[in-house]
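These are the residues of each chain, in order.
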2 protein chains.
Amino acid sequence: MALSREHIVDAAMTILRSYGLASLSMRNLAKNLGVQPGALYWHVKSKQDLLVLLADRILATTPAWTDQVGARSDRADARQAALDIRTALTSVKDGAEVVSVAQALNPRQLAPLQRLRDTLPSNLTLRQAEWGARALTHYILGAVAEEQTHAELILAGVAASEESTAYTTEAFIFGVDAFLRGLGAAASAPCTVIDLATEDQRAVPRKQLHADS
Amino acid sequence: MALSREHIVDAAMTILRSYGLASLSMRNLAKNLGVQPGALYWHVKSKQDLLVLLADRILATTPAWTDQVGARSDRADARQAALDIRTALTSVKDGAEVVSVAQALNPRQLAPLQRLRDTLPSNLTLRQAEWGARALTHYILGAVAEEQTHAELILAGVAASEESTAYTTEAFIFGVDAFLRGLGAAASAPCTVIDLATEDQRAVPRKQLHADS
DNA sequence: ACCTGAACACCGTTCAAGT
DNA sequence: ACCTGAACACCGTTCAAGT
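Along each chain, residue indices are assigned from 1 in the same order as the chain's sequence is written. Chains and ligands are labelled by the order in which they are written, letters from A for the one and numbers from 1 for the other. Local features in this predicted model are restricted to residues whose pLDDT is 70 or higher, and side-chain atom pairs enter the listing and the counts only when it is 80 or higher, whereas totals over whole chains, interfaces and linings include all residues. Side-chain figures throughout are based on the complete set of non-hydrogen atoms in the structure, without hydrogens or water.

1. Brief notes about the nonpolar core
Residues A:Leu54, A:Leu89, A:Ile140, B:Leu54, B:Leu89 and B:Ile140 are the most contacted members of the largest nonpolar core, which totals 116 residues. No other element matches the eleven residues that helix 8 (residues 126-155) of chain B contributes to this core. Contacts were defined at the residue level, with two residues in contact if any of their heavy atoms lie within 4.5 Å. With residues near it in sequence (within four places) discarded, A:Leu89 still touches A:Ile58, A:Leu59, A:Gly95, A:Ala96, A:Val99, A:Ile140, A:Leu141, A:Val144 and A:Gln148. Among buried residues, the Ala, Val, Leu, Ile, Met, Phe, Trp, Tyr and Cys ones that are joined through side-chain atoms within 4.5 Å form a nonpolar core. Exposure classes here rest on a 1.4 Å probe applied to the protein chains alone. A residue is buried below 20% of its type maximum, exposed above 50%, and partly exposed in between. Per the convention used, a helix needs a DSSP run of H or I reaching at least four residues, while a strand needs a run of E reaching at least two, with both numbered from the N terminus.

2. What about the packing of aromatic side chains?
Residues and elements named next belong to chain B. Stacked, tilted and edge-to-face are the three classes applied to pairs of Phe, Tyr and Trp rings, where Trp contributes its six-membered ring and a pair requires centres within 6.5 Å; stacked means planes under 30 degrees apart, edge-to-face means over 60, and tilted covers the rest. Considering all chains together, one arrives at seven aromatic pairs over all chains under this definition. Summarising the aromatic geometry, the rings of Tyr139 and Phe172 are spaced 5.8 Å apart at their centres and angled 20 degrees between planes, so their arrangement reads as stacked. In this pair, Tyr139 sits in helix 8 while Phe172 sits in helix 9 (residues 165-184), placing the two residues 33 residues apart along the sequence. Residue classification places Phe172 among the buried residues on the basis of a relative accessible area of 1%. Directly above the ring of Phe172 sits Arg86, whose terminal nitrogen or CZ lies 5.0 Å from the centroid. Lysine NZ or arginine CZ positioned within 6 Å of the ring centre and within 35 degrees of the ring normal marks a charge as sitting over the ring.

3. Describing the UniProt feature "DNA-binding region" (unreviewed entry) in chain A
UniProt positions are given in the numbering used here, feature names are shortened, and annotations may be inferred rather than shown by experiment. In the numbering used here, UniProt assigns the feature "DNA-binding region" (unreviewed entry) to residues 25-44 of chain A. Across residues 25-44 of chain A, the secondary structure splits into 70% helix and 0% strand, with the terminal C-alpha atoms separated by 14 Å.

4. With respect to the protein's contact with DNA strand C
Near DNA strand C lie 15 residues; those nearest to it are A:His43, B:Ser25, B:Met26, B:Arg27 and B:Tyr41. Put simply, 58% of the atoms of DNA strand C that lie within 4 Å of the protein are in sugar or phosphate. Side-chain atoms alone can form a polar contact between residues adjacent in sequence; in general such a contact is a pair of N or O atoms within 3.5 Å, and within protein one must be able to donate a hydrogen while the other accepts it. One of the backbone N or O atoms of B:Met26 is found 2.9 Å from a phosphate oxygen in DNA strand C. It is helix 3 (residues 37-43) of chain A that contributes the most residues to the surface near DNA strand C, four residues altogether. Among the residues making up the surface near DNA strand C, the classes are represented as six nonpolar, six polar and three charged. Only a single heavy atom is needed: when it lies within 4 Å of a molecule or strand, its residue is near that molecule or strand. Gly falls in the polar group here, along with every residue not listed as nonpolar (Ala, Val, Leu, Ile, Met, Phe, Trp, Tyr, Cys, Pro) or charged (Asp, Glu, Lys, Arg).

5. Things to note about the pattern of salt bridges
A pairing counts as a salt bridge when a side-chain nitrogen of Lys or Arg comes within 4 Å of a carboxyl oxygen of Asp or Glu. Counted by the stated rule, this structure contains 18 salt bridges over all chains. Across the pair B:Arg127 and A:Glu170 runs a salt bridge whose closest N-O atoms are separated by 3.4 Å. Pair noted here: B:Arg127 is in helix 8 and A:Glu170 is in helix 9 (residues 165-184), and the two residues belong to different chains. A:Glu170 gets classed as partly exposed once you look at its relative accessible area, which sits at 23%. In this structure, B:Glu6 engages B:Arg57 in a salt bridge whose closest nitrogen and oxygen atoms are separated by 2.9 Å. Pair noted here: B:Glu6 is in helix 1 (residues 5-19) and B:Arg57 is in helix 4 (residues 47-59), with a separation of 51 residues, a long-range link. The partly exposed category is assigned to B:Arg57, whose relative accessible area is 26%. One continuous salt-bridge network, built from bridges that share partners, spans A:Glu6, A:Asp10 and A:Arg57.

6. Focus on unusual backbone geometry
Here the phi dihedral of A:Asp94 falls at roughly 60 degrees; this positive angle occurs in a residue that is not glycine. The residue A:Asp94 is located in the loop between helix 5 (75-90) and helix 6 (95-105) in this model.

7. Quick notes on the domain arrangement of chain A
One frequent convention defines the size of an interface as the accessible area lost when the parts assemble. All names here are of chain A. For the purposes of this description, domain bounds are those given by an automatic or database domain assignment. In terms of domain boundaries, chain A breaks down into domain 1 (1-44) and domain 2 (62-196). Accessible area that two parts lose when put together, with a 1.4 Å probe and added across both, is what the buried area reports. Interface area for domain 1 against domain 2, summed over the two sides, is near 540 Å², with a carbon-plus-sulfur share of 65%. Interface area lost by domain 1 to domain 2 is led by Leu16, Arg17 and Leu21, which between them contribute 78%. At the boundary of domain 1 with domain 2, the tally comes to zero salt bridges. Our count for the domain 1 to domain 2 interface comes out at three residue pairs in polar contact (both at pLDDT 80 or more). Looking at the side of domain 1 that touches domain 2 residue by residue, the classes come out as five nonpolar, two polar and one charged.

8. Points about the UniProt feature "domain: HTH tetR-type" (unreviewed entry) in chain A
Those places that UniProt annotates as "domain: HTH tetR-type" (unreviewed entry) correspond, in this numbering, to residues 2-62 of chain A. Overall, residues 2-62 of chain A shows 69% helix and 0% strand. The separation of its end C-alpha atoms is 30 Å.

9. Some points on the protein's contact with DNA strand D
Around DNA strand D, a shell composed of 15 residues is seen, among which A:Met26, A:Arg27, A:Tyr41, A:Lys47 and B:His43 lie nearest. Contact between DNA strand D and B:Leu3: a phosphate oxygen at 3.2 Å from a main-chain N or O atom of the residue. B:Gln36 is positioned such that a nitrogen or oxygen atom in its backbone is 2.9 Å from a phosphate oxygen of DNA strand D. At the level of secondary structure, the elements contributing two or more residues to the surface near DNA strand D comprise helix 2 (26-32) and helix 3 of chain A together with helix 3 (37-43) of chain B. Broken down by element, the surface near DNA strand D gets its largest block of residues, four residues, from helix 3 of chain B. Class assignment of the residues belonging to the surface near DNA strand D gives a composition of six nonpolar, six polar and three charged.

And the structure:
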């Protein structure tokens, strides 16, 4: 059967579901497809490219947001959007990590991020809604990634399972709700930057590429 | 000069500051120390172990929280704690990513996480304060990681620099403040779990380790 | 157009053997 | 106790050459 981009992504998803991100090497993927590693590079630019495709497919399972005359709705919609994203991420092993890496490499707006922005409280300016959606995305990815690696550590017998999944879900929702409440009150309490002696020791000198000896 | 654990961490920090996480391989580190790669494993258990040490050192530069008779204080303290953590992370290239990875591998409580918990609004239960501190940590690590990779993409000429650092800082603070506001109102609006048809397609089958053919 | 074979320049980790 | 030398089992990517 002829190799194709879609076929490659399918096989990669299978590896991801069964064994996780650590097992997803280009060489192992090629072996699973019965092909030489170099063959993959005809259909896919790089591994980073592949990870972006995988991230899109993982998030594609989230229910489409029915755009009601472009109006931003109440808090419950945003909460549901966050839960839908979490469901999509947890359906694949290391799903949150894959999406995190893909988003870091390709910082374009992820589809559910747009949905999040559109469901945020309507008292925010567009810029604030974008900041809020990004912030919530960071929380979701971080929280779910922690859940998943924790779960894998337990399966590996390294950590003890002290918490039920209901408990984990409650913690997740607690964070989402807290954040959404805060965003709802954002307009009344504007963000004034106070003392920032903390600024700009960030510009670290960049020398050459790669240190040798 | 005799090799030591501290010496290794020093050299690793130097590589990190100058060239970032991608250049921090055990082999490159050994070369910089004028030693064979295997020698490192006498002083350090693994690369993961080393990353945890690095994460601790990166965060060690945050000002110590002067514990005032154990009382949780107001929102300004938590906001300052978040800013201090951001400053520490941005002082090292890929600092946020290093701490993220280390925290994923070794999910023990990071020092500043404790400080965050102690500075959260006092209306929360201890469990809620822990959830809140975790959530805020996820936001901080995600946001700063995005800042840093974005900055590196700009230095590499891949992306355009459309935003000033003040703008970035404002966005960061916006997220922190929103979250803290939401936590402040957490007790009055308890987190009730509504419909969760989303639960538990998370248990993905685990077969053997490593797929072959 | 699509894939193989083979190479290039790397990884983390282990471990007998040396000192 | 501490380190070398050398190996093991991998990586991502490229590219002439084949079909």
